[in-house]
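These are the residues of each chain, in order.
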Amino acid sequence: PTPHPTWAPATSPTSEPSFLPSNRPSSSPSASLDPSSSAVPSGEPSLSSYPTESAMPSGGPSLSNDPSGMPSLSGEPSSLPSLNPSTNPIDFPSSTPSVSPSSSTSPSVSTEPSSSAKPSISVSPSDSSSKSPSSSPSVTPSAYPTISTFPSITIEPTFSYEPSVSMFPSENPTNKPTAKPTAIPTPNPTPNPTSRPTPISAIQVKNILYTNSEVTSFGCAADSADFPASSSFDSTTTKYVCIKSTDEDEFGIIVSPSHQLLSIAERIRVYASDDCFNCDPISGKIEGRVASSNDWVVVSEGDFDWSSISRNPADTAISSTYENGDASLNFVEVTLDNNQAYRDYKLTFSSRFSTSPLMLAEVELVGLLIGLSPTPKPTTPQPTPIPTPKPTIPGASLVGNIFSEDSVASTFGCGSFIPARYSFDKTTNKFICTKGAFDQGIIVSPSHYRNSIAEKIRVYANNNCENCDPATYKIEGRKSDSGAWNLVAKGDFSWGDNPPRNPASTEISSTYFYGDASLTFTEASFPNSALYWQYRLTFNSRSTTTSLELAEVELVGMLVGGAPVSFV
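So, here's what we can say about the structure. (Residues numbered from 1 in each chain as written. Predicted model: local features only at pLDDT ≥ 70, side-chain atom pairs only at ≥ 80, totals over all residues. Heavy atoms only, no water.)

1. A closer look at the overall build of the chain
Worth spelling out the cut-off: Numbering goes from the N terminus for both helices and strands, where a helix is a DSSP run of H or I of at least four residues and a strand is a run of E of at least two. Relative accessible area decides the class of each residue, using a 1.4 Å probe on protein chains only: under 20% of the type maximum gives buried, over 50% gives exposed, and in between gives partly exposed. Every residue pair with non-hydrogen atoms within 4.5 Å of one another is taken to be in contact. For every accessible area listed, the method is Shrake-Rupley and the probe measures 1.4 Å; residues are considered covered only by the protein chains on display.
Looking only at helices and strands, the chain has 0 helices and 27 strands in total. For the chain, the residues scored as buried account for 38% of the 568 residues in total. Residue pairs in contact within the chain that sit at least 24 positions apart in sequence constitute 75% of those at least 6 positions apart. Counting every atom, the chain has about 31800 Å² of accessible surface; 54% of that belongs to carbon and sulfur.

This is the structure in structure tokens:
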């Protein structure tokens, strides 16, 4: 028998067996009514429906055709089968042959097994042939072959390929199995897999357009000095306004991100302005290019589906992530079908009415920055008791004040003043600015000449004038003393009611993490990743008629790199 039988049936057998012997073995196995007398054993079992001459030894009794019509037993094999086989053959042959004709019409059966080297096949088919092969086929022949008047249906054996290993069968299996088993699937697949793999060296960002990126507008008669194009990605709801030029059909902004990395734009979010529903952009087109010498390539274009007409408050910090926009504000988001990387972007918009200017509070181009590696897995087995509030930049140091004591400072908007250097001398000696204009403040050029990232601002109360405390702030930065100012953050200070006064000329002890708890101060944090060297701080006091007075200003953040700023 073959080691792996298949289940394809052979051709239909003949309805009646032939009683003529065959002089040579059949090429296909057959069913025979008595043992063959072939002198040479067949290489494969014969399944032919025609009987063949048996190779059985002549020493045992055989079936013979007695003229009396009754079969007899003799010592020599008969060359012809019985013309009238028994319909009720005996189960076991007699151990001693009969010497006289039997009264039975049933032929006798040889007690000697076949001498064939191969396992024997039943010499006659069974009346109840099995439809399915045995899971453990027999390897030895039967000592007592059965006899049947009808030939059996024998399945032609074949050899199958080695089966492949699979957790789930294929609906459309291949003709040939795989040479090796398939890999074992993950036992716990990701519940919410990403729609596509993330590049190995990439990070997810809420806005590809960094706050200090270079930007120009097009199609606008003029940018508003109070609402420039840079306001469209400053992480606040301070709006960008474009008054359309009559000579241009398209208008928008072109941005060259300051990180100078290739990026893949995946989504765009637009936040509504504070006061003009008809000025909202209702459609947009995003184009990209790898270098300024390349042509613009369309990334995506379509309509914005504003589900709400509510307005966002002006000058409010936006708190968003790669996954989600700021749920406290009104914005629209569109997913882009894009996997191409670009460096520069051109954003074209259309407002609700052709005669209305374009106004928007913020644009967030959500996506991936290519060339930056994600945060590696932690190496410590246990988390630190007090984790760092944010990842640090290699070569950067966290400082309680970006302004060193010997920094150069000047004032603006002041009629008269006590020197600005007192505002960062690590004591409560106060800086005073009598108002000469509505906005007043200081410009500081740090003496360390290193770029920095501002993250928080702390202001300590003066010693004797509550109405002179600064109520609002605006922080701007630039990388050289001839560059344009870029907005870092703006907002209000929260002093509370009747804040205590600090004693004059007292040393201040503070760190990056904490202000001096023994003194009265207010602190405001803001999102920022832009690098600057020089800073301009604008304040407005509680009362419009009083002077500005403060004991100390601490611009908390990171000093980046050890080399001084280059002014080239």
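2. Comments concerning the sheet that holds strand β10 (residues 297-303)
How we decide: Any two strands with at least two DSSP-identified bridges between them are counted as paired. Interaxial angle, 0 to 180 degrees, is taken between N-to-C directions of lines fitted to C-alpha atoms, where a helix line uses only the stretch in contact.
One open sheet holds the 5 strands; their spatial order is β4-β7-β13-β9-β10, and the pairing between them is antiparallel. Of all the strands in the sheet, just β4 (214-218) and β10 have a single pairing partner and so form its edges. Direction aside, the axes of adjacent strands within the sheet are offset by 15° on average. In this sheet, strand β13 (residues 344-351) lies alongside strand β9 (residues 281-289) in antiparallel orientation, the contact comprising 8 bridges. Residue Gly284 lies in a different strand from β13, and its bridge partner there is Phe349.

3. Things to note about unusual backbone geometry
Positive phi outside glycine occurs at Gln260, with the angle close to 60°. With a relative accessible area of 45%, Gln260 lands in the partly exposed category.

4. Focus on the side chain of Asp516
The cut-off we apply is this: N or O atoms within 3.5 Å of each other form a polar contact, as long as, within protein, one can give a hydrogen and the other can take it, and as long as residues adjacent in sequence are counted only when both atoms are side-chain atoms.
Locating Asp516 in the fold gives a position in the loop between β23 (486-492) and β24 (521-525). Among the polar contacts listed, one links the side chain of Asp516 to the backbone nitrogen of Ser509, at a separation of 2.8 Å. Setting aside residues up to four positions removed in sequence, Asp516 forms contacts with Tyr460, Glu507, Ile508, Ser509, Ser510 and Phe521.

5. Quick word on the packing of aromatic side chains
Just so we agree on the cut-off: Note on aromatic contacts: the rings of Phe and Tyr and the six-membered ring of Trp form a pair at centre separations within 6.5 Å, being stacked when their planes are under 30 degrees apart, edge-to-face when over 60 apart, and tilted otherwise. Note on criteria: charge over ring means Lys NZ or Arg CZ within 6 Å of the ring centre, with the direction from the centre no more than 35 degrees off the ring normal.
Inspection of every chain in the model, using the stated rule, returns 10 aromatic pairs. Both rings, one in Tyr512 and one in Phe513, keep their centres 5.1 Å apart while their planes meet at 90°; by these two values the pair is edge-to-face. Residue class for Tyr512 comes out buried when judged on its relative accessible area of 7%. Ring centres 6.5 Å apart and planes at 85° place the aromatic pair Tyr532 and Tyr535 in the edge-to-face group. The burial state of Tyr532 is the same as that of Tyr535; both residues are buried. Taken together, Phe403, Phe424, Tyr532 and Tyr535 form an aromatic cluster joined through their ring pairs. Above the ring of Tyr512, the side-chain terminus of Lys456 is found at 5.3 Å from the ring centroid.

6. A short note on empty space enclosed by the protein
We count it as follows: Space inside and on the surface of the protein is sampled on a 1 Å grid over the protein atoms alone, with a cavity defined as a set of points where a 1.4 Å probe fits but cannot get out and a pocket as an open set with protein on both sides within 12 Å along at least 5 of 7 lines; lining residues have an atom within 4 Å of a point. Grid points are joined across faces, edges and corners, and a volume is the space filled by probe spheres set on the points. In this classification, the charged set is Asp, Glu, Lys and Arg, the nonpolar set is Ala, Val, Leu, Ile, Met, Phe, Trp, Tyr, Cys and Pro, and all remaining amino acids, among them Gly, are polar.
Throughout the structure, instances matching the rule amount to 2 cavities of 30 Å³ or more. Space inside the second largest cavity adds up to approximately 40 Å³. Around the second largest cavity, the lining residues are Thr211, Ser230, Ser231, Asp234, Asn486 and Leu487. Here the residues of the lining of the second largest cavity are counted per class, giving 1 nonpolar, 4 polar and 1 charged.

7. Concerning the state of the cysteines
The term disulfide refers to a covalent linkage connecting the sulfur atoms of a pair of cysteines. Stated formally: Only a pair of cysteine sulfur atoms within 2.5 Å qualifies as a disulfide here.
Scanning the model with the defined rule gives 4 disulfides in all. There is a disulfide in this structure between Cys220 and Cys242, and the S-S distance comes to 1.8 Å. Disulfide Cys220 to Cys242: torsion about the S-S bond roughly -110°, handedness left-handed. Pair noted here: Cys220 is in strand β5 (residues 220-223) and Cys242 is in strand β6 (residues 240-244), with a separation of 22 residues, a long-range link. A sulfur-sulfur separation of 2.1 Å characterises the disulfide bridge that pairs Cys465 with Cys468.

8. Examining the sheet that holds strand β26 (residues 548-550)
The 3 strands lie next to each other as β18-β19-β26, forming an open sheet whose pairing is antiparallel. Looking at which strands have only one partner, the edges of the open sheet turn out to be β18 (414-417) and β26. Averaged over all adjacent pairs, the angle separating strand axes in this sheet is 20°, with direction ignored. Examined bridge by bridge, β18 and strand β19 (residues 431-435) share 2 bridges and lie antiparallel to one another. Paired with Cys414 across the strands is Lys435, a residue of β19.

9. Here we look at the pattern of salt bridges
This is how it is decided: A side-chain nitrogen of Lys or Arg and a carboxyl oxygen of Asp or Glu constitute a salt bridge if their distance falls within 4 Å.
Enumeration according to the criterion identifies 15 salt bridges in this entry. Between Glu549 and Lys430 there is a salt bridge, with its nearest N and O atoms 3.0 Å apart. Here the residue Glu549 occupies a position in strand β26, and Lys430 occupies one in the loop between β18 and β19, the gap between them amounting to 119 residues. Glu523 is the salt-bridge partner of Arg458, the closest N and O atoms lying 2.5 Å from each other. You can see Arg458 sitting in strand β21 (residues 452-460) and its partner Glu523 sitting in strand β24, a full 65 residues away along the chain.

10. Section: the environment of Asn540
Among the structural elements, Asn540 can be located in strand β25 (residues 534-541). Of the residues examined, Asn540 reaches a relative accessible area of 16% and is grouped as buried. When the C-alpha positions of Asn540 and Asp439 are compared, they lie 6.3 Å apart, and in sequence the two are 101 residues distant. With near-sequence residues (within four places) excluded, Asn540 lies in contact with Phe438, Asp439, Gln440, Asp469, Pro470, Ala471 and Thr472.

11. Regarding the nonpolar core
Using the following cut-off: Take the buried Ala, Val, Leu, Ile, Met, Phe, Trp, Tyr and Cys residues and link them wherever side-chain atoms come within 4.5 Å; each set so joined is a nonpolar core.
Ranked by internal contacts, the top residues of the largest apolar core, which has 32 residues, are Phe403, Ile457, Tyr473, Ile475 and Phe539. Listing elements by their share of this core, those giving two or more residues are β19, β20 (440-445), β21, β22 (470-478), β23, β25, β26 and β27 (552-560). Once residues lying within four places of it in the same chain are set aside, the contact partners of Ile475 are Ile457, Asn486, Leu487, Val488, Ala489, Phe526, Tyr535, Arg536, Leu537 and Leu555. One finds Cys220, Val255, Ile268 and Phe349 within the second-largest nonpolar core, a separate group that totals 30 residues.

12. Structural notes on the pairing of β9
A large share of β9 lies buried, amounting to 8 of its 9 residues. Relative to β10, β9 runs antiparallel, the two sharing 6 bridges. Among the inter-strand pairings, Ser283 is bridged to a residue of β10, identified as Asp303.

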